[in-house]
Amino acid sequence: LAPNYDATVTPRYMAQRGLELMSEFRYLWPGHDGTLEVEYLPNDNITDEDRYLFGLEHQSSLGAGWRATLNGRAVSDSNYFEDLYGSVSATSQTNLERVLDVEYFDNIWSVLARFQDFQTLDESVTGTEKPYRRVPQIAASAYVPDGTLGLDWRLDCELSVFQRGISPQGTRLHVSPGVALPLRYRGFWLDPSAA
């Protein structure tokens, strides 16, 4: 279609189910790139339902140390891969992950905000066996070498909120400040530290 984006459309005919259209759209623009995947089988002859797969892998550089990433797949029903694909790797999927990450980096800080969800495909999985959604997970790390008093200062922290349709649910907070005294002399080094 153009030097920075293209599309592939593949019809697939299945004698018992009908005609499925499979498509992939790839794009590359300044600061953005990704792949969009869509499959559609209208009115499956066996199930008498419309069936689809939708997938997106996208990354954006937002400037000034910011980046966003969106990855995920969804299907119309839990038997999609089992009915329409023959490979063991496709049919053995239990969950489809969907993740949105927003990240920030500079000389001192590294920050991640993540929203994660799953579509469970295995109908035999009970509510207590389903994975937790993280809505959100926020992690931050800071490192200041040779800072105040000649010490190396660190901070690692994370807040995660775990949810699912059935208990238990919860929130986890982890904070770990640290300090180190780098000692260097003629090829020898020692880093006593505390956290």
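Residues numbered from 1 in each chain as written. Predicted model: local features only at pLDDT ≥ 70, side-chain atom pairs only at ≥ 80, totals over all residues. Heavy atoms only, no water.

(A) Inspection of the overall build of the chain at higher detail. When helices and strands are tallied, the chain shows two helices and 13 strands. In terms of overall dimensions, the chain is more spread out than a globule: its C-alpha atoms have a radius of gyration of 24 Å, far above the 16 Å expected for 195 residues. Expressed as lengths along the three principal axes of its C-alpha atoms, the size of the chain is roughly 75 × 50 × 30 Å. When burial is assessed residue by residue, the chain has 26% of its 195 residues classed as buried. Of the roughly 12,500 Å² of accessible surface on the chain, 57% is carried by carbon and sulfur atoms. (Helix = DSSP H or I, 4+ residues; strand = E, 2+ residues; numbered from the N terminus. Rg over C-alpha atoms; globule rule 2.2 N^0.38 Å. Buried < 20%, exposed > 50% of the residue type's maximum accessible area, 1.4 Å probe, protein only. Areas by Shrake-Rupley, 256 points an atom, 1.4 Å probe, with all protein chains shown as cover.)

(B) The environment of Glu 20, seen in detail. In this structure, Glu 20 sits in strand S2 (residues 18–29). When the C-alpha atoms of Glu 20 and Ser 89 are compared, they prove to be 21 Å apart, with 69 residues separating the residues in sequence. Residue contacts for Glu 20: discarding those within four places in its chain leaves Thr 10, Pro 11, Arg 12, Met 14, Glu 39, Tyr 40, Leu 41, Tyr 80 and Leu 84. Within polar-contact distance, the side chain of Glu 20 engages the side chain of Arg 12 at 2.6 Å. For Glu 20, the side chain forms a polar contact with the side chain of Tyr 80, separated by 2.8 Å. (Contact = heavy atoms within 4.5 Å. Polar contact = N/O pair within 3.5 Å; in protein donor to acceptor, adjacent residues only side chain to side chain.)

(C) Looking closely at the pattern of salt bridges. Evaluation of the coordinates by the stated rule reveals 13 salt bridges. Between Glu 103 and Arg 67 there is a salt bridge; the shortest N-O distance is 3.1 Å. Of the two residues, Glu 103 is situated in strand S6 (residues 95–105) and Arg 67 in strand S5 (residues 66–75); the sequence distance between them amounts to 36 residues. Of the residues examined, Arg 67 reaches a relative accessible area of 29% and is grouped as partly exposed. Between Arg 172 and Glu 158 there is a salt bridge, and its shortest N-O distance comes to 3.2 Å. Of this pair, Arg 172 sits in strand S10 (residues 170–180) while Glu 158 sits in strand S9 (residues 152–163); the two residues are 14 residues apart in sequence, bridging distant segments of the chain. A relative accessible area of 21% means that Glu 158 is categorised as partly exposed. A single salt-bridge network, built from bridges that share partners, covers Arg 17, Asp 44, Arg 51, Asp 77 and Asp 83. (Salt bridge = Lys/Arg side-chain N within 4 Å of Asp/Glu carboxyl O.)

(D) Representation of the sheet that holds strand S1 (residues 5–14). Strand order across the open sheet formed by eleven strands is S1-S2-S3-S4-S5-S6-S7-S8-S9-S10-S13, with antiparallel pairing between neighbours. Each edge of the open sheet carries a strand with a single partner, namely S1 and strand S13 (193–194). Pairing between S1 and S2: ten bridges, direction antiparallel. Bridge pairing in S2 links Met 14 to Gly 18. (Pairing = 2+ DSSP bridges.)

(E) Molecular detail of the nonpolar core. Grouped together as the largest cluster of nonpolar side chains are ten residues: Met 14, Leu 41, Leu 53, Val 75, Tyr 80, Phe 81, Leu 84, Ala 90, Leu 96 and Leu 121. At three residues, helix H1 (residues 80–84) tops the list of elements feeding residues into this core. In this structure, Leu 121 is in contact with Val 75, Asp 77, Ser 78, Phe 81, Gln 93, Thr 94 and Leu 96, ignoring residues within four places of it in sequence. (Core = buried A, V, L, I, M, F, W, Y, C linked by side-chain atoms within 4.5 Å.)

(F) Here's a closer look at a nonpolar patch on the surface. Together, Ile 108, Trp 109, Val 144 and Trp 153 make up an exposed nonpolar region whose accessible area comes to about 330 Å². Judged by its relative accessible area of 36%, Trp 109 is partly exposed. (Patch = residues over 30% accessible without salt bridge, like charges linked within 9 Å, V, L, I, M, F, W, Y side chains within 5 Å.)

(G) Spotlight on the packing of aromatic side chains. Per the counting criterion, the structure on display carries nine aromatic pairs. Measuring from centroid to centroid gives 5.9 Å for Tyr 5 and Phe 25, while their planes differ by 50 degrees, and the two rings are tilted. Note that Tyr 5 is positioned in strand S1 and Phe 25 in strand S2, a separation of 20 residues in sequence. With a relative accessible area of 24%, Phe 25 lands in the partly exposed category. (Phe/Tyr/Trp six-rings, centres within 6.5 Å; stacked < 30°, edge-to-face > 60°.)

On their own, these measurements won't tell you what the molecule is for.
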